[in-house]
Structures are given as structure tokens and as C-alpha cells.
Amino acid sequence: MFMEDIRHFAEAIAKEAGGILLSGFRAHDTQISYKSATDIVTNIDKESEEFLVAEVAKKFPRHDIIAEEGGERNSKSDLVWYIDPLDATNNFAHGIPFFCVSLGVFSRRLQKVVVGVVYDPVHNELFSAHHKGGAYLNGVPIHVSKIEHLIGSLLATGFPVNRSSECKDNLEEFSKLAPVSMGIRRIGSAALDLCYTACGRFDGYWEPELKPWDMAAGAVIVEEAGGTVTRYNGGLFVPEYPEIVATNGRIHEEVVRYIANS
Ligand code: IPD
Ligand code: CA
Ligand code: CA
């Protein structure tokens, strides 16, 4: 099956899962439980994941699946689906209308994310891309911004939910970049931060301590929109390595210079 067909399938199931998210958004019977003191999950995360994992397994019985809430199938196949059934659970559980479904398909052979789909059901925005096929928002091609310098750039970032001392807290990077950029936003969804960078709303984004399901889809969407995606040191991005810097390409070196040694 071609990447484009996988993308269209992913778009269809992401939209259906978006309907599941909307059914629980600001609903009185949505149940919250705690994975740790600062990390929550809802029954809607689980319902969305169950649906997505079942659909992918039915359509592609040979593909591997790694999903945030535990859905997993690992046969070392070439293609692996990274599934975030609800990115930004914290926003969702607080009634803040910025969250999404994120589906990324990674090729172990190519060491590249080859399909990415992110769906924000509140704003009905479907971001998608496949390797060498361009990036789209609701079917219309999207491109990164043309801002040339960091000082005129609107950036985005996020802060890890894990408070343990082994985890980076991102405070040093934040305090270095705040004075040398136009501003920094923290909307609470890594997948949407990446998609907003892909369509030029943000000029760049970085975040440490992320999981592959947070980044995989958004990474290929940024690349296909003409942007650059790397690790903090400018090295090759792979979803299993827990950090990302994604920009319009023009400001990439400047951003990397500030965060590489933090
Ligand atoms: C979180 C969001 C957030 C990021 C956190 C992630 P979740 O995902 O992407 O923006 O800062 O690190 O864990 O847990 O809501 O799917
Ligand atoms: Ca996530
Ligand atoms: Ca999630």
C-alpha cells in the first residue's frame, strides 16, 4: 500500500477518534485518574486508544503499534504506528479547547516518519503529510513561515510532566530564548505545536522529555511543509530519542545555538 493511502486511512480514523474526544469534552461524566501526582489520564484517552488500535490492527495486521496508554504490538515490522489518542489531556480535563489525536507511522528501514496525521476536533483542523507528498491542513497545502531571524520569531515550547530530578525542566532553555525572540507560547499540546509550526503560526518549537507518540506525526508534517526537524544538537531526529527542535529552517541554527548546550 502506498504512503498516501495509509495517510488517507489515518485521516479517517483520526476524525472518528476526534468525535470520541468531543463526546467527553466538558462532559460531567468524564473520569480523571492519576498516573502520578502531575500526570492525568481520562476514560476518553482510553476509549479513543481502544478504537484507534483496533482499527489499525484490523486494516494492517502486520504493522506494529505503540500507543500511549499501553496498546502495543511488536513484531519488528518495518512500519510502526505511534498513537497518541489524546494529546494534551491536561487541557482536555480542564475544559481548555486545545487538544488533538496524533498518529505517526515510522519506517524502521528508512529511519523516517513516513505518515503523520493530527486532528484537532474543536477547531476541525486536520493536519496531515506523507513522505515526499507535502503537508496539508484540511486538504490545502501548508508551508512554514519565512521569518529570517530569531528576534522576529514567535516560538513555542512545553514543560515535562515528570518532576523527577533526572528529567530536564526546560527552564534554562526558556530563559535563554525568551529575551532573544518575539515571544514564546505554551499551548500544552506537542502535536499541535508542531502543526502550528508547519503552517507558519509559530516560527519554531522545541521541547525535551517527549515520547514518540507526541512527536512522530508532527515531525513529518513540519518537514513536508518545508521546515527542519532535529535533536537539540542539530543531529538526526528519530521519535524514540526524547527531544525535538522544529523550525521554519531559516532560524534553525540560531535556535540550536541557544539550546544545544543547556
Ligand atoms: C503532553 C503534551 C504536552 C507536553 C507533555 C506531553 P499528553 O502529552 O504533548 O504539550 O508538554 O510533555 O506529555 O500526556 O497530554 O498526551
Ligand atoms: Ca502526548
Ligand atoms: Ca496522550
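Here we summarise the structure given alongside this text.

Parameters and conventions
Residues numbered from 1 in each chain as written. Chains lettered and ligands numbered in written order. Predicted model: local features only at pLDDT ≥ 70, side-chain atom pairs only at ≥ 80, totals over all residues. Heavy atoms only, no water. Axes fitted to C-alpha atoms, helices over the stretch in contact; angles between N-to-C directions. Helix = DSSP H or I, 4+ residues; strand = E, 2+ residues; numbered from the N terminus. Parallel < 35°, antiparallel > 145°, perpendicular 65-115°, else oblique. Contact = heavy atoms within 4.5 Å. Nonpolar A, V, L, I, M, F, W, Y, C, P; charged D, E, K, R; others polar. Near = heavy atom within 4 Å. Polar contact = N/O pair within 3.5 Å; in protein donor to acceptor, adjacent residues only side chain to side chain. Donors = N, O, S within 2.8 Å, 3.2 Å for Na, K, Ca; no water. Buried < 20%, exposed > 50% of the residue type's maximum accessible area, 1.4 Å probe, protein only. Phe/Tyr/Trp six-rings, centres within 6.5 Å; stacked < 30°, edge-to-face > 60°. Lys NZ or Arg CZ within 6 Å of the ring centre and 35° of its normal. Arc of directions from axis to C-beta. Salt bridge = Lys/Arg side-chain N within 4 Å of Asp/Glu carboxyl O.

This part covers the packing of helix α5 (residues 190-198) against helix α6 (residues 212-224). Two numbers describe how α5 lies on α6: the axes approach to 8 Å, and their chain directions differ by 5°. On the basis of the axis angle, α5 is roughly parallel to α6. Contacts between α5 and α6 involve A190, A191, L194, C195, T197 and A198 on the former and, on the latter, D214, M215, G218, A219, I221 and V222. Its residues placed into classes, the contact of α5 with α6 shows nine nonpolar, two polar and one charged.

The local shell around ligand 1 holds 14 residues, among which D87, A88, T89, G188 and E207 are the closest. In the model, an oxygen atom of ligand 1 is placed 3.2 Å from a nitrogen or oxygen of the S189 main chain. Here an oxygen atom of ligand 1 sits 2.5 Å away from a polar atom, N or O, in the side chain of E207. At three residues, strand β5 (residues 79-87) tops the list of elements feeding residues into the shell around ligand 1. Here the shell around ligand 1 is composed, by residue class, of five nonpolar, three polar and six charged.

Moving on: the coordination of the calcium ion (ligand 2). In the first shell of the calcium ion (ligand 2), the protein supplies D84 (OD), D87 (OD) and D214 (OD), at 2.1 to 2.2 Å from the metal. Positions of the donor residues of the calcium ion (ligand 2) along the chain correspond to the pattern D-x2-D-x126-D. A separation of 3.7 Å is found between the calcium ion (ligand 2) and the calcium ion (ligand 3), which share D84 as a coordinating residue. A residue pair is termed long-range when its members are at least 10 positions apart, and D84 in strand β5 and D214 in helix α6 qualify at 130 residues. The exposure classification of D84 matches that of D214, with both residues buried.

With that settled, consider the packing of aromatic side chains. Scanning all chains against the criterion turns up 10 aromatic pairs. The interplanar angle of 85° and the centroid separation of 5.4 Å between the aromatic rings of F9 and F60 together place this pair among those described as edge-to-face. A residue pair is termed long-range when its members are at least 10 positions apart, and F9 in helix α1 (residues 3-24) and F60 in the loop between α2 (43-59) and β3 (64-67) qualify at 51 residues. In terms of burial, F9 and F60 fall into one category: buried. What links up through ring pairs into an aromatic cluster is the set F9, F60 and W81. Over the ring of Y196 we find R201; its NZ or CZ atom is 4.6 Å from the centre of that ring. Positioned above the aromatic ring of Y241, the side-chain terminus of R231 is 3.9 Å from the ring centre.

Once that is clear, we can look at helix α7 (residues 252-259). Looking at α7, one finds that the buried residues are H252, V255, V256 and I259. Down the axis of α7, the buried set is contained in an arc of 100°. They therefore lie on one face. Summarising the geometry of α7, the exposed residues directed more than 90 degrees from the buried face are E253 and R257. In this fold, the buried residues of α7 make contact with α4 (171-177), β13 (204-208), β14 (228-230) and β15 (243-247).

Evaluated as defined, the whole model comprises 11 salt bridges. The shortest N-O distance in the salt bridge between E223 and K112 comes to 3.3 Å. Of this pair, E223 sits in helix α6 while K112 sits in strand β7 (residues 112-120), and the two are 111 residues apart along the sequence. The class for E223 is partly exposed, based on a relative accessible area of 27%. A salt bridge links K176 to E172; the shortest N-O distance between them is 3.7 Å. With K176 and E172 both in helix α4, this residue pair falls four residues apart, about one helical turn.

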